[in-house]
Amino acid sequence: MNAPLLNDEYFMRLGLTEARQAAEEGEIPIGAIIVCNDKVIARAHNRSEALLDTTAHAELMAITSAQNYLGSKFLTDCTLYVTIEPCVMCAGAIRWARPTRVVWGADEPKSGFSRFSKEIFHPKTLITSGVLADECAELMRSFFVSRR
């Protein structure tokens, strides 16, 4: 895993804004941002409840948006920021989209991809984890406490 860059916290805070929006909509609070050449080209949050679609995760929605923006199925020279470690489904999609980097906040020990395989991403994809991990984890924790 690589060390966080100075602007990783800035972009993760944008992801947290998306995650808070998800929570306000009754969705699991996960947000994703895709950055290319220091420019945000996509932002999304979970929409599974609103769309009645179990695949409408923040990462997948952001990937589709970024691919449309770039006119390419590959996210070359892009970084995906996501507030929580991606699940296996999202990790598979990330592999095929081939971003240069993936950065996440809090680990997800129950359903995160690394529980199953640490080698699911494309071999050239750089991974950074733990950026604003406490804030990302607290948002998830408080969301589920409020639902119980």
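For the structure, see preceding data.
Residues numbered from 1 in each chain as written. Predicted model: local features only at pLDDT ≥ 70, side-chain atom pairs only at ≥ 80, totals over all residues. Heavy atoms only, no water.

Enquirer: What am I meant to see in the overall build of the chain here?
Expert: The number of helices and strands found in the chain is five helices and five strands. Start at the N end of the chain and walk to the C end: the helices and strands fall as α-β-β-α-α-β-α-β-β-α. Computed over the C-alpha atoms, the radius of gyration of the chain is 14 Å, within 12% of the 15 Å expected from 2.2 N^0.38 for a compact globule of 148 residues. Projecting the C-alpha coordinates of the chain onto the three principal axes gives extents of approximately 40 × 30 × 30 Å. Here the chain holds 148 residues, and 46% of them are scored as buried. A total accessible area of about 7,900 Å² is found for the chain, and carbon and sulfur atoms account for 53% of it. Charged side chains of the chain number 16 positive and 18 negative; the gap between the two group centres comes to 4 Å. (Helix = DSSP H or I, 4+ residues; strand = E, 2+ residues; numbered from the N terminus. Rg over C-alpha atoms; globule rule 2.2 N^0.38 Å. Buried < 20%, exposed > 50% of the residue type's maximum accessible area, 1.4 Å probe, protein only. Areas by Shrake-Rupley, 256 points an atom, 1.4 Å probe, with all protein chains shown as cover. Lys, Arg positive; Asp, Glu negative; His and termini not counted. Charge placed at Lys NZ, Arg CZ, Asp CG, Glu CD.)

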